[in-house]
Amino acid sequence: MNDLFSTLETQIETKKIKLGHTDLEYANASSILTEGKGFMDTYDYTLNPYSGCSFGCNYCYAAFFSYTKEKMDNWGYWVKIKENALNLLMKFRKKPLLNKTIYLSSVTDPYQPIEKELEMTRNILQEFIDYHKVRLVIQTRSPLVTRDIDLFKKFETIQINMTVTTDSEDVRKIFEPLCPSNKIRLKAITEIQQSNINACITITPLLPVIDAHEFSKILLETGVKKFIIQPFHGEKGKFVAGTREEASKIIKELNWDNEKYQQTLTIIQSYIPDIGIGKDGFTAI
Ligand code: SF4
């Protein structure tokens, strides 16, 4: 444990603190594994070491699961750290998880910026390696995921999903202003792929793209073989990439609709014929 972490941990334990734009808070969770339901119903469990998300995508469906309206309105600016996450998982040592499929994470990103110091996700991975045999899918937009390549190599069945939604940094900044850039995400998933770990790019949701041909080529240049795509949904509250009001308004202003999605999908499919679509693409590994 380094000094920075000790100081940070002490600060978090005693009061709410800020890391960059994010308010951090510790909380105890009542459980750590949630039965996979709805969009995630092919998984045995979803696991979220954090709630809230520093990346704050303005279309994020997870915002609907905020426990107050204020939290929903401030989506992207708060993260709760489930400080007992590892302890809760340790209770399963008595009855190890064998061949269970786990999706990490469904309503947050497991590689929050604070993960760099706290290593919540890393400790969970180590717990899985030491005491269980799970089939794991990790979903992220963070380059921090490459830190754990050494642990990924110890899983028999694992897949790392990196979300990349557009070829345009301008579009990315409109919808995902607090996220790492496309270039950084593509570099990270290339590194995962080159480390011989199953890698997947999730284009979920597909945002407006400048050149679908070039976008497809850039995606393929990563060496990744598996891709999943889904459209930008407007339905509020559904367990899909449900779109919040602001994002819905912007997408209309950009003249992006189902027809544009279908046209772009057709071009992408000409490069990636076996791209997984929507829920079917997300089927547990
Ligand atoms: S990274 Fe994922 S969980 Fe976080 S705001 Fe974006 S879509 Fe939501």
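Rules behind the numbers
- Residues numbered from 1 in each chain as written.
- Predicted model: local features only at pLDDT ≥ 70, side-chain atom pairs only at ≥ 80, totals over all residues.
- Helix = DSSP H or I, 4+ residues; strand = E, 2+ residues; numbered from the N terminus.
- Rg over C-alpha atoms; globule rule 2.2 N^0.38 Å.
- Buried ≥ 20, exposed ≤ 12 C-beta atoms within 10 Å, placed from the backbone.
- Contact = placed C-beta atoms within 7 Å.
- Pairing = 2+ DSSP bridges.
- Axes fitted to C-alpha atoms, helices over the stretch in contact; angles between N-to-C directions.
- Near = placed C-beta within 6 Å.
- Nonpolar A, V, L, I, M, F, W, Y, C, P; charged D, E, K, R; others polar.

A.B. asks: For this particular structure, what's the right way to read the overall build of the protein?
C.D. replies: On a plain count of helices and strands, the protein comes out with 12 helices and 12 strands. Computed over its C-alpha atoms, the radius of gyration of the protein comes to 18 Å, within 12% of the 19 Å expected for a compact globule of 285 residues. In terms of principal-axis extent, the alpha carbons of the protein reach across some 50 × 40 × 35 Å. The 285 residues of the protein split such that 39% are buried. Expressed as a percentage of contacts within the protein between residues at least 6 apart in sequence, the contacts between residues at least 24 apart total 76%.

A.B. asks: Even after reading the chapter, I still don't get the sheet that holds strand S2 (residues 22-27), so can you show me in this structure?
C.D. replies: Two modes of strand pairing occur in sheets, parallel and antiparallel, and in both the strands are linked by backbone hydrogen bonds. Pairing is mixed in the open sheet, where 4 strands are placed in the order S1-S2-S6-S5. Strands with a single pairing partner mark the edges of an open sheet, and in this sheet they are strand S1 (17-19) and strand S5 (50-52). With strand direction ignored, the average angle separating the axes of adjacent strands in the sheet is 35°. Sheet topology note: the S5/strand S6 (residues 78-82) ladder contains 3 bridges and is antiparallel. Paired with Ser-51 across the bridge in S6 is Lys-80.

A.B. asks: Mind showing me how you'd approach the site of the ligand here?
C.D. replies: Lining the immediate environment of the ligand, one finds Cys-53, Phe-55, Gly-56, Cys-57, Cys-60, Ala-62, Thr-108, Asp-109 and Arg-141. Of the residues assigned to the shell around the ligand, the class counts are 5 nonpolar, 2 polar and 2 charged.

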